[in-house]
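Working through the structure, step by step
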Amino acid sequence: MNRDSLTVATPAGTVHATAGLRRGDAVVFELGGAMRGSVHVTGTHHPQHWDRFTAVRACLGPVNAYQTTAPDDALPRLARGSSGYRGSLRLYTDVVGRPEVSVYPMETAAGHEPSPKTAATLTAVLRACAEHVMQREDLPAILTASRERDTPALLRFLDWSVTHRQAEAARLEAEARAAQPARRAAVAAWWTVARWFTASPHSVLLVMLADYPGSLSRHVSVMQWLAPYCLTAASREHDQARRAETEAAGLRNQQIRQRRRGLTDSERVRNDLTRR
């Protein structure tokens, strides 16, 4: 498994990708044929579940592009081209187990968008490397190592997300409360103008009652839906905050289990040494 070679048919020609020895949570493929350079593949979380490390991410270049930036001269390029390319792809399964791919923007080292043919070539190579890693026997070890690597940063993000969403929910709820008296005042003002118009019709009053941007009538319409909209949005923010809390708890629980497993392994080694 450590020196597996892939043959990838692409619009630019056949690309050969050879997997090197696994380094922690990463497998690096050396490219030949229609492309030269390397592809870095590591584990990552599912795009809809921050605490579930069930996906793999393939990056153009010899390093994890989400942790560091590869030098321009180390970026993969077409065999007949001089431009190095950046970009990545995430491979995961959907709720029914079908493979799904998320492709992140491809660009040259100079920041230019590749041609459709080149983009298709880069995507095909990234996907082939990702699919290979997804089928490896040591995938569980890769995913575990990736989770351990990313957990501290993910926990910081999720903790921030909980605080941010709770604050946003509180702001929306306050706006909904303030909208109630504002709506009543707007409705009362409209009816006051309507009574004036009924008592003494005048074009100015008619304009005040008309529905157009910035008018009293339009203000009433906005106030009618503002409070329900804010309350619905606040509910969504609360849901997202609870989800982030759950995912953060899931990551922390996995950390605890991994530490306990590590302690158990250490104790087993000590016991073996003692018996000897």
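Refer to the structure above for everything that follows.
Fair warning: this is a prediction, and the values are worked out from it, not measured in the lab.

1. Observations regarding the overall build of the chain
Regarding its fold elements, the chain presents four helices and 10 strands. Element order for the chain, N to C, with α for helix and β for strand: β-β-β-β-β-β-β-β-β-β-α-α-α-α. The globule rule puts the C-alpha radius of gyration for 276 residues at 19 Å, and the 29 Å found for the chain is more than 25% above it. Projected onto the principal axes, the alpha-carbon positions of the chain cover approximately 100 × 60 × 35 Å. The 276 residues of the chain split such that 37% are buried. Of the contacts made within the chain by residues no fewer than 6 positions apart, 55% connect residues no fewer than 24 positions apart. By element, 55% of the accessible surface of the chain is carried by carbon and sulfur atoms, the whole surface being about 15,600 Å². For the chain, the distance from the average position of its 36 positive side-chain charges to the average position of its 27 negative side-chain charges is 2 Å.

2. Describing the nonpolar core
One finds Phe29, Val39, Val41, Val56 and Val133 to be the most contacted residues of the largest nonpolar core, which totals 31 residues. Looking at this core, the elements that each hand over two or more residues are β1 (5-10), β2 (13-19), β3 (26-33), β4 (35-44), β5 (55-60), β8 (88-93), α1 (116-134) and α2 (139-199). In terms of residues, this core owes the most to one element, α1, which gives eight residues. Look past the residues within four positions of valine 56 in its chain and what remains in contact with it is Val41, Thr42, Gly43, Thr44, Leu89, Arg90, Leu91, Ala130, Val133, Met134 and Leu139.

3. Here's the deal with the pairing of β1
The alternating pattern of β1 places Leu6, Val8 and Thr10 on a buried face, while none of Ser5, Thr7 and Ala9, on the opposite face, is buried. By the bridge criterion, six bridges tie β1 to β2 in an arrangement that is antiparallel. If you follow threonine 10 over to β2, its bridge partner there is glycine 13. Here β1 folds back onto β2, and the loop between the two strands holds two residues.

4. Digging into the pattern of salt bridges
Working definition: two side chains of opposite charge can pair if their charged atoms are close together. All chains considered together, the criterion is met by 13 salt bridges. Salt-bridge contacts for aspartate 138 lead to arginine 136; the nearest nitrogen and oxygen are separated by 2.8 Å. Exposure remark for aspartate 138: the relative accessible area of 19% places this residue in the buried category. A relative accessible area of 4% places arginine 136 in the buried class. A salt bridge links aspartate 239 to arginine 242; the nearest nitrogen and oxygen atoms lie 2.3 Å apart. One end of the pair, aspartate 239, and the other, arginine 242, are both in helix α4 (residues 216-275), three residues apart, so they sit about a helical turn from each other. Residue class for arginine 242 comes out partly exposed when judged on its relative accessible area of 45%.

5. A few points about the state of the cysteines
The bond known as a disulfide is covalent and runs between the sulfur atoms of two cysteines. In the structure shown here, the tally under the stated rule is zero disulfides. Not engaged in a disulfide, the cysteine cysteine 59 finds its nearest cysteine sulfur in cysteine 129; these two sulfurs lie 11 Å apart. When its relative accessible area of 0% is taken as the criterion, cysteine 59 is described as buried.

6. Quick word on the packing of aromatic side chains
Aromatic ring pairs: the centre-centre distance and the angle between the two ring planes describe each pair. Under the counting rule described, the total for this entry stands at four aromatic pairs. Here the aromatic rings of tyrosine 66 and tyrosine 104 are separated by 6.2 Å at their centres, their planes lie at 80°, and the arrangement is edge-to-face. On the criterion of sequence distance, the pair formed by tyrosine 66 in the loop between β5 and β6 (77-78) and tyrosine 104 in the loop between β9 (99-103) and β10 (107-108) is long-range, its members being 38 residues apart. Since its relative accessible area comes to 24%, tyrosine 104 is described here as partly exposed. Taken together, the aromatic side chains of Trp50, Phe157 and Trp160 make up a single cluster linked through ring pairs. When the ring centre of tyrosine 66 is taken as origin, the NZ or CZ atom of arginine 57, which lies over that ring, is 4.0 Å away.

7. Digging into the side chain of aspartate 25
By the element assignment, aspartate 25 lies in the loop between β2 and β3. Aspartate 25 gets classed as buried once you look at its relative accessible area, which sits at 12%. In contact with aspartate 25, not counting residues within four places along its chain, are Val41, Thr42, Gly43, Ile142, Ala145, Ser146 and Arg149.

8. Quick notes on the environment of glycine 32
If you trace the backbone, glycine 32 turns up in strand β3. The spatial distance from the C-alpha of glycine 32 to the C-alpha of isoleucine 256 is 43 Å, given a sequence separation of 224 residues.

The rules behind each value
Residues numbered from 1 in each chain as written. Predicted model: local features only at pLDDT ≥ 70, side-chain atom pairs only at ≥ 80, totals over all residues. Heavy atoms only, no water. Helix = DSSP H or I, 4+ residues; strand = E, 2+ residues; numbered from the N terminus. Rg over C-alpha atoms; globule rule 2.2 N^0.38 Å. Buried < 20%, exposed > 50% of the residue type's maximum accessible area, 1.4 Å probe, protein only. Contact = heavy atoms within 4.5 Å. Areas by Shrake-Rupley, 256 points an atom, 1.4 Å probe, with all protein chains shown as cover. Lys, Arg positive; Asp, Glu negative; His and termini not counted. Charge placed at Lys NZ, Arg CZ, Asp CG, Glu CD. Core = buried A, V, L, I, M, F, W, Y, C linked by side-chain atoms within 4.5 Å. Pairing = 2+ DSSP bridges. Salt bridge = Lys/Arg side-chain N within 4 Å of Asp/Glu carboxyl O. Disulfide = S-S within 2.5 Å. Phe/Tyr/Trp six-rings, centres within 6.5 Å; stacked < 30°, edge-to-face > 60°. Lys NZ or Arg CZ within 6 Å of the ring centre and 35° of its normal.

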